[in-house]
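Here are the chains, one letter per residue:
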Amino acid sequence: MNLEYLRLILVGFFALCCAGNNPLWALPPADDAVVNGVVKLEGNVPSPNHVDMAGDPQCAKLHPTGAMAEDILTDSNGGLQNVIVFISAGLADRTFDPPKDAATIEQNGCMYQPHVIAIEVNQKLEVVNSDTTTHTVHVLPVNNPPWDKPQPPGPPIEVTFPQQEVAIPVKCDLHPWMRGYIAVFKHPYFAVTGRNGSFEIKNLPPGTYTIQAWHEKLGTATQEVTIQASESKSLEFVFKPK
Amino acid sequence: MRMKVILAMGGVACMLLFSTPDGRAQETHIGGLTGNAKRGESLYRRYCIFCHGSRGDGKGENAAYLDPKPRDLTAGTFICRSTPPGSLPLDSDLYDTISRGMNLSGMPSWKSLTRQQRADLVAYIKSFSPRFGNEKPAAALEIPREPPSSAQSVKRGAQLFQSMNCWSCHGKEGRGDGPAASSLTDSKGFPISPFDFTSGTRFKCGQSGRELYRDVMTGLDGTPMPSFKDAMKPDQVWDLVHYLETLAAGGAKVASEAETKPKNE
Amino acid sequence: MRIVTVKRIGIPLLVLGALLTYSQPSHAIPAFARKYGLPCSACHEAWPKLNNFGQVFRDNGYQLGNNRDAPIYQEPSYFPITIRVTPQWHRESNDRRAVDVVPGVPSGGLVESRVTTSGFDLSGVDLFAAGTLYKNISFAAQPFLSTNGTTLLQMFVRFDNLFGSPWLNVKFGKFELDTLTSEERLLTLNNTGGTYYTYHFRPRGDSNFFGGIGDNQLGIELMGHSANSYTRYAISVLSSNDGQTGLPSNQAYDVYADFTQGFEIPGLGLQRVGVYGYVGESPTFFQTRGGVPIAGTGRGNRSFYRAGAYGLWYIGRFDFSTFYLHGQDNVFLGNAVPADQPFNLPKGAAGPAWNGGFVEAHYTYNPRLVLIGRYELIRMSQQAKPSLRGDFGNLDTWTVGYRWYPFMSSRAGLAWVQEYSHLRSVGTAPLSGRDDNSNSFLMGFDFDF
């Protein structure tokens, strides 16, 4: 075999291998796709209900002008707050380690802040009591073990949830108007809409996904999206009042 | 001859059809008894189905007329346990609940069933919730020996009743008429009342001081009664139990004394 | 079907009267099911027969014991009343009845002939109200309406769990005697097999006022039971009126007592055994006016007793009731001779005595289908008159049947029943003194609201 022949073969081999589309030598795609957008409420916004805190004077004191229920919150453009937007299908069996940082939910002014929180499976959740009155933290899950703990003003309670669930209601038995939601996911691809209804889910691997939006009163909505590496796609979800 | 073959094949087919093992067949062990879920199923259909429903979801034919509502057995949440909050109950916890019944509810005492029948029922009930297939109950909470009651212990218990906010639900005299009592709801959203300690010592989950200690430590899952195992030490809980036991005999006077004293005494 | 001329049936008239009166025992109570939300099958093996849960409920004074039993916990419109009736088709046949030789001609003499009747019919109507008046005060009131008039079958108030103890319960009024195999909760309804003969038997010609332990009695009962009713006792003091109101007989009192013990056999179920005894007095003559007895002035009381043992056995889906009775009446009662005329006793007269018993088997396939079979016999061991043959009045009877309940709810009950019973009574044919056979076939709907 002469050397010329060998050189041709080697060049051809490298050309094929480094052609980018060759799976043997393709670099893994970057997890940098983004899905963002806004969730809106169409139609007439129902006027919010008053919350009566007369049961505990310490709570009533903190809201001299009264407090409102937080089940449906919108801004002037119809942006819907507290909607959880997440990937509900398309991630196959990928597993993810929970983040090391704890998430925090606070009982402040005898209301939960945030009203809706989303965390990952086995991620630490710190429940903080910033009030001067005792609360009970009572979670009512379906997939996770239920628990109910009293929390006087003092140290936070640290908990984790072992199963995915959208979403676990949390209430305080001493203050019946208090209601919050904890969503627990197996993956990190979720967001909770802010005041203007906007959300952003970053660092997505490319693929085809079903994105679901969940609201505590208005139900759920889903959309399919296919996204390439480094691409950014915008979605809009529209809810109608029931 | 062909007929015989067909019949034989039919017979084998029938045998296979009817001998398919019941996917829900479970066994359970309580004391020396072994309960069998298949036997428990026919007992359930005779005794339990009209309240707890044919699917065990608490939506039996008569559930609409009952208060409190029958338990949803598919949820895997049980009030009377000796295990920590959020954990499944032990088999013996379920057996005890069936035997004892639940005072002030429509759940009768089923002690008139034989012990074997009750063990069979426990085995069948466990088949309703997938939790029993996926998890094991945690170890029972240890109940330390009860220190002797004394006037000091009762007074400390009265102070704890105040400082732990028991009065918010149970009321200043333990009558179940606290400020939060009228708005309490159970895990299904139905109104529920806190226990009135002046009515006697037939608590939901037992009658003895030991059982009351256990209830305070484990909490009553499915109700607003929380678990105090992280909030109080065992000695404190015994003091509270000693105080609660005096309420039936008019011990509320001690409570009002405790209120006038400063909280951090 | 063969047609044979037969003679008049020889069953004592009083027993026949009892049959007609008790052709509709009724103790299955949907009102309880409505009150508590339990199905009929919770308390009844197959209604009206009680299982142990139902037995405990009954022993507790119709209370579940969860402090929710008093009427104030029910909706005010709840009314604790149950109506039970059985529209039916039935056929009765008596082998040897005395009939006129020529129909319509009374002077032509009598002959023994078979008499058969059949057709659609109604049982009487049971109105049963039972429940609690207050915590631990329960009651029952049961009038029975039929074409023969209204009978007050049960009327009592009961003070339950005195001093907080299930061992002390006092019942006052008219009630059935405490037995485990209750005739009031019999599973058969036909005219021949709808009763337990041992519960009512009196030899022919016996003047005993007492109609048997199956008759409801007037008096006061002290009863107690363990928490799961495995151990039970009852003692009653009763007026010797056989439960008839209006003080018809005398001022004497009878005593009844029974004791039961239950135990579990692993793998088989709950078993029970018990013993009982009834000791009483019955008058043999009355004060009269113009020859007519004055009610309540019974004189010349002579004694009698009934005693025996029973068992209730559960083997899986089968259950068996076994019952034994020994009865003995005083010689004056047995010969219907007033006690102040001993010279009227036939030579060699004796107090009649007999032994009887039955075995009843049920196969409860499920709470909605039960198969029934029973065999009962009575054997005289001592005749009252020496002129009577030794086996005169002996009875053999058997019954088969089934009850099928198309639905099971807590509001009402319905059963489709079919039953057949046959009875042979020795030497009691009215004219020939031969054996007397009769049979009944019943099918119908037994419903209960």
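Here, every reference points to the structure presented above.
Reading guide: rules and limits
Residues numbered from 1 in each chain as written. Chains lettered and ligands numbered in written order. Predicted model: local features only at pLDDT ≥ 70, side-chain atom pairs only at ≥ 80, totals over all residues. Heavy atoms only, no water. Helix = DSSP H or I, 4+ residues; strand = E, 2+ residues; numbered from the N terminus. Buried < 20%, exposed > 50% of the residue type's maximum accessible area, 1.4 Å probe, protein only. Contact = heavy atoms within 4.5 Å. Areas by Shrake-Rupley, 256 points an atom, 1.4 Å probe, with all protein chains shown as cover. Lys, Arg positive; Asp, Glu negative; His and termini not counted. Charge placed at Lys NZ, Arg CZ, Asp CG, Glu CD. Buried area = accessible area lost by both parts, 1.4 Å probe. Salt bridge = Lys/Arg side-chain N within 4 Å of Asp/Glu carboxyl O. Polar contact = N/O pair within 3.5 Å; in protein donor to acceptor, adjacent residues only side chain to side chain. Nonpolar A, V, L, I, M, F, W, Y, C, P; charged D, E, K, R; others polar. Axes fitted to C-alpha atoms, helices over the stretch in contact; angles between N-to-C directions. Parallel < 35°, antiparallel > 145°, perpendicular 65-115°, else oblique. Left-handed = near helix turned anticlockwise from the far one by under 90°. Pairing = 2+ DSSP bridges. Patch = residues over 30% accessible without salt bridge, like charges linked within 9 Å, V, L, I, M, F, W, Y side chains within 5 Å. Core = buried A, V, L, I, M, F, W, Y, C linked by side-chain atoms within 4.5 Å. Phe/Tyr/Trp six-rings, centres within 6.5 Å; stacked < 30°, edge-to-face > 60°. Disulfide = S-S within 2.5 Å.

Draft legend 1. Inspection of the overall build of chain C at higher detail. Along chain C, the regular secondary structure elements total five helices and 22 strands. The buried share of chain C, reckoned over its 449 residues, is 57%. Here the contacts in chain C between residues at least 6 apart in sequence split such that 64% fall between residues at least 24 apart. For chain C, the accessible area works out to roughly 18000 Å², and carbon and sulfur atoms hold 64% of it. Mean positive and mean negative side-chain charge positions of chain C (37 and 35 charges, respectively) differ by 2 Å.

Draft legend 2. Molecular detail of the interface of chain C and chain B. Each side of the interface is counted separately: chain C has 27 residues, and chain B has 26 residues. Taking both sides of the interface into account, the surface hidden between chain C and chain B amounts to around 2100 Å²; carbon and sulfur atoms contribute 47%. Together, Phe53(C), Asn66(C) and Arg68(C) form the three largest contributors to the area buried by chain C at its contact with chain B, with a combined 28%. For Glu45(C), the salt bridge goes to Arg46(B), with nearest N and O atoms at 3.7 Å. Between chain C and chain B we count 17 residue pairs in polar contact (both at pLDDT 80 or more) in total. Of all the elements in the fold, those that place two or more residues in the side of chain C that touches chain B are α3 (40-43), β1 (44-46) and α4 (52-59) of chain C. The element contributing the most residues to the side of chain C that touches chain B is α4(C), with three residues. Classifying every residue of the side of chain C that touches chain B gives 11 nonpolar, 12 polar and four charged.

Draft legend 3. Region of the structure containing the packing of helix α9 (residues 209-218) of chain B against helix α10 (residues 234-247) of chain B. Residues and elements named next belong to chain B. Contact geometry for α9 and α10: axes closest at 9 Å, N-to-C directions at 125 degrees. Relative to α10, the element α9 lies oblique. As α9 runs across α10, the sense of the crossing is right-handed. Here Gly209, Arg210, Leu212, Tyr213, Val216 and Met217 of α9 lie close against α10, whose contacting residues are Pro234, Val237, Trp238, Leu240, Val241, Leu244 and Glu245. Within the contact of α9 with α10, the residues separate by chemical class into 10 nonpolar, one polar and two charged.

Draft legend 4. Structural detail: the pairing of strand β17 (residues 318-329) of chain C. All names here are of chain C. The pairing of strand β16 (residues 302-315) with β17 spans 12 bridges and is classified as antiparallel. Each bridged residue has a counterpart across the sheet, and for Ala309 the counterpart in β17 is Tyr324. The antiparallel pairing of β16 with β17 creates a hairpin that spans two residues between the two strands, and Gly316 there sits at a positive phi of about 60 degrees. In this sheet, strand β18 (residues 353-366) lies alongside β17 in antiparallel orientation, the contact comprising 11 bridges. From the neighbouring strand, Gln328 faces β18, where its bridge partner is Ala353.

Draft legend 5. The arrangement of unusual backbone geometry in detail. Cis geometry is adopted by the peptide bond preceding Ala167(A), which originates at Val166(A) and carries an omega value of -10 degrees. Mapping Ala167(A) onto the fold places it in strand β12 (residues 165-171). Here the residue pair Asp67(B) and Pro68(B) is connected by a cis peptide bond, since its omega of 0 degrees sits within 30 degrees of zero. If you trace the backbone, Pro68(B) turns up in the loop between α3 (49-52) and α4 (91-100). Positive phi, close to 50 degrees, is recorded for Ala92(A), a residue that is not glycine. By secondary structure assignment, the location of Ala92(A) is in the loop between β4 (84-89) and β5 (103-108). A positive phi angle is found at Asn203(A), which is not glycine, with a value near 60 degrees.

Draft legend 6. The arrangement of helix α5 (residues 115-125) of chain B in detail. For α5(B), the tally of buried residues reaches eight of 11 residues, placing the bulk of the element in the interior. Of the residues making up α5(B), those classed as buried are Arg118(B), Ala119(B), Asp120(B), Leu121(B), Val122(B), Ala123(B), Tyr124(B) and Ile125(B).

Draft legend 7. Region of interest: a nonpolar patch on the surface. All names here are of chain C. A grouping of Phe172, Ile220, Ile235, Val237, Tyr253 and Val255 is seen on the molecular surface, where their side chains present a nonpolar patch of about 550 Å² in accessible area. Elements with a minimum of two residues in the nonpolar patch: β11 (231-239) and β12 (253-265). For Phe172, the position within the fold is in strand β9 (residues 169-175). Assessed through its relative accessible area of 52%, Phe172 is described here as exposed.

Draft legend 8. Representation of the nonpolar core. In terms of nonpolar packing, the biggest core is built from 68 residues, with Tyr44(B), Tyr47(B), Trp110(B), Phe53(C), Ile213(C), Tyr278(C) and Phe323(C) touching the most fellow members. The biggest single contributor to this core is α5(B), with six residues. For Tyr278(C), the contacting residues outside a window of four places in its chain are Leu177(C), Phe210(C), Ile213(C), Gln217(C), Leu238(C), Asp254(C), Val255(C), Tyr256(C), Phe304(C), Tyr305(C) and Arg306(C). One finds Val51(A), Tyr112(A), Cys172(A) and Met178(A) within the second-largest nonpolar core, a separate group that totals 33 residues.

Draft legend 9. Spatial organisation of the pattern of salt bridges. On inspection of all chains with the given rule, the structure shows 32 salt bridges over all chains. The residue Glu42(A) makes a salt bridge to Lys240(A) at a minimum N-O spacing of 3.4 Å. A residue pair is termed long-range when its members are at least 10 positions apart, and Glu42(A) in the loop between β1 (33-41) and β2 (50-51) and Lys240(A) in the segment after β18 (232-239) qualify at 198 residues. A relative accessible area of 42% places Glu42(A) in the partly exposed class. By relative accessible area, which is 54% here, Lys240(A) ends up exposed. Note that Arg379(C) and Asp396(C) form a salt bridge whose closest N and O atoms lie 2.9 Å from each other.

Draft legend 10. The arrangement of the interface of chain B and chain A in detail. Chain B puts 23 residues into the contact, and the matching count from chain A is 14 residues. With both sides pooled, the region where chain B packs onto chain A buries about 1400 Å², and carbon together with sulfur makes up 59% of that total. Across the contact surface, chain B and chain A share one salt bridge. Counting the contacts that link chain B with chain A gives four residue pairs in polar contact (both at pLDDT 80 or more). Here the residues of the side of chain B that touches chain A are counted per class, giving 10 nonpolar, nine polar and four charged.

Draft legend 11. Just the packing of aromatic side chains, in detail. Residues and elements named next belong to chain C. For the coordinates displayed, the defined rule picks out 40 aromatic pairs over all chains. Summarising the aromatic geometry, the rings of Phe201 and Trp354 are spaced 5.5 Å apart at their centres and angled 70 degrees between planes, so their arrangement reads as edge-to-face. Of this pair, Phe201 sits in the loop between β9 and β10 (217-225) while Trp354 sits in strand β18, placing them 153 residues apart in sequence. A centroid spacing of 6.0 Å and a plane angle of 15 degrees characterise the contact between Tyr278 and Phe304, whose relative ring orientation is stacked. Of the two residues, Tyr278 sits in strand β13 (residues 269-282) while Phe304 sits in strand β16, which places them 26 residues apart along the sequence. Considered together, Tyr278 and Phe304 belong to a single accessibility category, that of buried residues.

Draft legend 12. View of the state of the cysteines. A full pass over the atoms with the stated rule returns two disulfides over all chains. With its sulfur 1.8 Å from that of its partner, Cys59(A) forms a disulfide with Cys110(A). The sign of the S-S torsion, about -75 degrees, decides the handedness of the disulfide formed by Cys59(A) and Cys110(A): left-handed. Within this pair, whereas Cys59(A) is found in helix α2 (residues 57-61), its partner Cys110(A) is found in the loop between β5 and β6 (111-113), the two being separated by 51 residues in sequence. For the pair Cys59(A) and Cys110(A), a shared accessibility class is recorded, and that class is buried. Linked covalently through their sulfurs, Cys80(B) and Cys205(B) form a disulfide whose S-S length is 1.9 Å. Taking the sign of the torsion about the S-S bond as the criterion, the disulfide between Cys80(B) and Cys205(B), at about -75 degrees, is left-handed.

Draft legend 13. Inspection of the sheet that holds strand β14 (residues 190-192) of chain A at higher detail. All names here are of chain A. Spatial strand order, β14-β4-β16-β17: four strands in an open sheet with antiparallel pairing. Each edge of the open sheet is held by one strand with a lone partner, namely β14 and β17 (219-227). Neighbouring strand axes in the sheet, compared pairwise and without regard to direction, differ in orientation by 30 degrees on average. Where β4 and β14 come together, three bridges link them in antiparallel fashion. Each residue of the ladder has a partner; that of Val85, found in β14, is Ala191.

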